Amino acid sequence: MTQQPQTTLTTTLPTSMRAIGYTASLPIDNPQALQDLVLPLPSLKPHDLLVKISAIAANPVDYKIRKNRPASAEKPEILGWDAVGTVVATGEAVTLFQTGDQVFYAGALDRPGANSEYHAVDERLVGHKPQTLSDAEAAALPLTAITAWELLFDRLQLDQPATTPPTYAQKVLLISGAAGGVGSIMVQLAKLRTDAIVIGTASRPESQDWVKALGADYVINHQLPIEEELARIGINQVSHIASLVDTAAYYEQFIAALAPQGKLALIDDPKIALDIRPLKLKSLSLHWELMFTRSLFQTPDQQQQHQLLNQVAALVDHGQLKTTVGQHLGLINAANVRLAHHLLEQGSVIGKLVLAGFPQEHAALV
């Protein structure tokens, strides 16, 4: 049942909050690359929730923005697009939530991130937190779950049997970079919601074990020729490829591995232009996925992310989908968020990096 609109800010909220942000784009080994700040509480738009943050996760998008988006002492940038918390106030047009609700979400790229004690976010991008997970476990899910879901079902359309190429009787999905955050969710969703054979790529023994444990039918080593690795497991071609990291390095191999009328989707940012002409001979299609597209352009269907996250929460609470926490880095402060950025920039993270709770000292001013 649709809930009635709620009131705006209550008088019991503080006037300021702690946040982690940056005032200049600096290398992550610089102590000033990310700083502990005190900022005013955000104001709410009509469809906004004010969420008291209890847990966050770090993603590669965080350090990419830190390196490229200008900031200043007068206008610091706050990162973070994975959050769990409790709704403490609502905008005048909110109908999907009420104060006291526990929520999880990724938010919008063109608004301040959630690395703060309080955060304003459009309700249409927010889901009810899975009841069976801790806050830290739930924080690992939103951005990667939305990305994996949209890539599999909106872009590759793997939940539609009619999309199977007629020259390839069995759908076979190759997930390149399957041990990362998006890959860890995608492997599970592909096994749950499609009839495709799922092949994940991973190079290190520990990452290969991780992908196998998530349910992949096969794991191959992307440091070896893909054609040879597929032959090793008795598969000649694949119908779909989800490229999650370093697409440019494997682009020619992907084209060779795809069956006629196959689909290639990617989420990374290739450093060189991709030549689409080699796709023509096989009538291959190329798809991009950015989970922030709906919020950036305020698309009419942006509330699908609310519905999507609620479906993810239901799958979790029914024991069908598991969290993808790789490492818990401790409390939410600048030092620990810098560590998260450092680990992500190294490029060898398995699963997701999460943080939960703010230090008890230096409470925000009331």
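The model shown is predicted, which means the values in this text are computed figures rather than measured ones.

Q: Break down the packing of aromatic side chains for me, with residues and values.
A: Any two aromatic rings considered together are summarised by their centre-to-centre distance and by the angle between their planes. Inspection of every chain in the model, using the stated rule, returns three aromatic pairs. Ring plane angle 85° and centroid distance 5.3 Å describe the contact between Trp-149 and Phe-153, whose orientation is recorded as edge-to-face. A residue pair is termed a helical-turn pair when its members lie 3 or 4 positions apart in one helix, as Trp-149 and Phe-153 do in helix α3 (residues 142–155) at four residues. For the pair formed by Trp-149 and Phe-153, the shared burial category is buried.

Q: How would you explain unusual backbone geometry if you had to name every residue and give the values?
A: Phi is positive for Gln-261, which is not a glycine, with a value near 70°. Of note, the phi angle at Ser-283 is positive, near 55°, even though the residue is not glycine. Secondary-structure assignment places Ser-283 in the loop between β13 (258–266) and β14 (285–288).

Q: Describe a nonpolar patch on the surface, with residues and values.
A: A cluster of nonpolar side chains, contributed by Leu-290, Leu-296 and Phe-297, occupies part of the molecular surface with about 300 Å² of accessible area. Its place among the elements puts Leu-296 in helix α8 (residues 293–296). By relative accessible area, Leu-296 is classed as partly exposed at 33%.

Q: Can you tell me about the pairing of strand β9 (residues 172–176), naming the residues and giving the values?
A: Here is the key point about a regular strand: its side chains alternate between the two faces of the sheet. In terms of burial, β9 is a largely internal element, five of the five residues being buried. Of the two faces of β9, the one holding Val-172, Leu-174 and Ser-176 and the one holding Leu-173 and Ile-175 are both buried throughout. Bridge count between β9 and strand β10 (residues 197–201): four bridges; the pairing is parallel. Counted as the bridge partner of Leu-174 is Ile-199 from β10. Crossover β9 to β10 through helix α4 (residues 181–193) is right-handed. As paired elements, β9 and strand β12 (residues 238–243) share four bridges and run parallel to each other. Note on β12: the bridge partner recorded for Leu-173 is His-240.

Q: Can you explain the pattern of salt bridges? Please cite residues and give values.
A: This model, assessed by the stated rule, comprises 18 salt bridges. Asp-48 is paired through a salt bridge with Arg-111; the nearest N and O atoms lie 2.7 Å apart. With a gap of 63 residues between them, Asp-48 in strand β3 (residues 48–58) and Arg-111 in the loop between β6 (102–105) and β7 (118–122) connect regions that are remote in the sequence. Both residues of the pair, Asp-48 and Arg-111, belong to the buried class. In this structure, Arg-277 and Asp-275 form a salt bridge, with 2.9 Å as the shortest nitrogen-oxygen distance. Salt bridges linked by common partners bring Glu-150, Asp-154, Arg-294 and Asp-301 together as one network.

Q: Which residues make up the packing of α3 against α4, and what are the values?
A: The interhelical angle for the contact between α3 and α4, taken along N-to-C directions, is 50°, at an axis separation of 8 Å. With respect to each other, α3 and α4 are oriented oblique. Where α3 crosses over α4, the two elements pack in a sense that is right-handed. Taken together, the residues of α4 that come into contact with α3 (itself represented by Thr-144, Ala-145, Thr-147, Ala-148, Trp-149, Leu-151, Leu-152 and Phe-153) are Gly-181, Val-182, Ile-185, Met-186, Leu-189, Ala-190 and Arg-193. Here the residues of the contact of α3 with α4 are counted per class, giving eleven nonpolar, three polar and one charged.

Q: Outline the sheet that holds strand β2 (residues 35–40), listing residues and values.
A: Across the sheet, three strands lie side by side as β2-β1-β4; this open sheet has antiparallel pairing. In this open sheet, the two strands that pair with only one neighbour each are β2 and β4 (77–78). In this structure, strand β1 (residues 16–22) lies alongside β2, joined through six bridges in antiparallel fashion. Residue Ser-16 lies in a different strand from β2, and its bridge partner there is Pro-40.

Q: Before we move on, can you summarise helix α7 (residues 247–257) with the specific residues and values?
A: Within the sequence span of α7, burial applies to Thr-247, Tyr-250, Tyr-251, Phe-254, Ile-255 and Ala-257. All buried residues of α7 fall inside an arc of 155° around its axis, so they share one side. As for α7, its buried residues are in contact with β9, α6 (226–232), β12 and β13.

Q: Please set out the sheet that holds strand β11 (residues 218–220) residue by residue, giving values where relevant.
A: Read from one edge to the other, the open sheet built from six strands follows the order β11-β10-β9-β12-β13-β14, with strand pairing classed as parallel. With one partner strand each, in any of the chains shown, β11 and β14 form the two edges of the open sheet. The mean inter-strand angle of the sheet, taken between neighbouring strand axes irrespective of direction, is 20°. The pairing of β13 with β14 spans four bridges and is classified as parallel. Bridging across to β14, Lys-263 finds its partner in Ser-285. Here α7 sits on the sheet and contacts β9, β12 and β13; the angle it forms with β13, its principal contact strand, is near 160°.

Q: Give me the nonpolar core: which residues, what numbers.
A: In terms of nonpolar packing, the biggest core is built from 83 residues, with Ile-53, Tyr-105, Leu-173 and Met-186 touching the most fellow members. The element contributing the most residues to this core is α3, with eight residues. Counting 21 residues, the second-largest nonpolar core is a separate cluster that includes Ile-220, Ile-235, Phe-254 and Leu-264.

Rules used throughout
- Residue positions within a chain follow its written sequence, with the count starting from 1.
- Per-residue local features of the predicted model are confined to residues with pLDDT of at least 70, and side-chain atom pairs are confined, for both listing and counting, to 80 or more; whole-chain, interface and lining totals are unaffected and use all residues.
- Where side-chain values are given, they derive from all heavy atoms of the structure, hydrogens and water being excluded.
- When the centres of two rings from Phe, Tyr and Trp lie within 6.5 Å, Trp using its six-membered ring, the rings pair. Their planes under 30 degrees apart give stacked, over 60 give edge-to-face, and anything left gives tilted.
- Runs of E in the DSSP output that reach at least two residues are strands. Runs of H or I that reach at least four are helices, and both are numbered from the N terminus.
- Only protein chains enter the calculation, and the probe is 1.4 Å; a residue is then buried if its accessible area is under 20% of its type maximum, exposed if over 50%, and partly exposed in between.
- Patch membership requires more than 30% relative accessible area and the absence of a salt bridge. Residues of like charge join within 9 Å; the nonpolar side chains Val, Leu, Ile, Met, Phe, Trp and Tyr join within 5 Å.
- Calculation of accessible area relied on Shrake-Rupley with a 1.4 Å probe; when residues are assessed, cover is drawn exclusively from the protein chains displayed.
- Salt bridges are counted wherever a side-chain nitrogen of Lys or Arg sits within 4 Å of a carboxyl oxygen of Asp or Glu.
- Note: two strands are recorded as paired if DSSP finds a minimum of 2 bridges between them.
- Look down the strands so they point away from you; if going from the first strand over the helix to the second traces a clockwise path, that crossover is right-handed.
- In this analysis an axis means a line fitted to C-alpha atoms, helices contributing only their contacting stretch, and an angle means the value between N-to-C directions, from 0 to 180 degrees.
- If an angle is under 35 degrees, it is roughly parallel; if it is over 145, roughly antiparallel; if it lies from 65 to 115, roughly perpendicular; otherwise it is oblique.
- Crossings are sorted by hand: turned counterclockwise from the far helix by less than a right angle, the near helix makes the crossing left-handed, and turned clockwise it makes it right-handed.
- We call two residues contacting when some pair of their heavy atoms lies within 4.5 Å.
- Put simply, Ala, Val, Leu, Ile, Met, Phe, Trp, Tyr, Cys and Pro go in the nonpolar bin, Asp, Glu, Lys and Arg in the charged bin, and everything else, Gly too, in the polar bin.
- In this context, the arc is that of the directions from the helix axis out to the C-beta atoms.
- In this description, a nonpolar core means a group of buried Ala, Val, Leu, Ile, Met, Phe, Trp, Tyr and Cys residues linked to one another through side-chain atoms lying within 4.5 Å.

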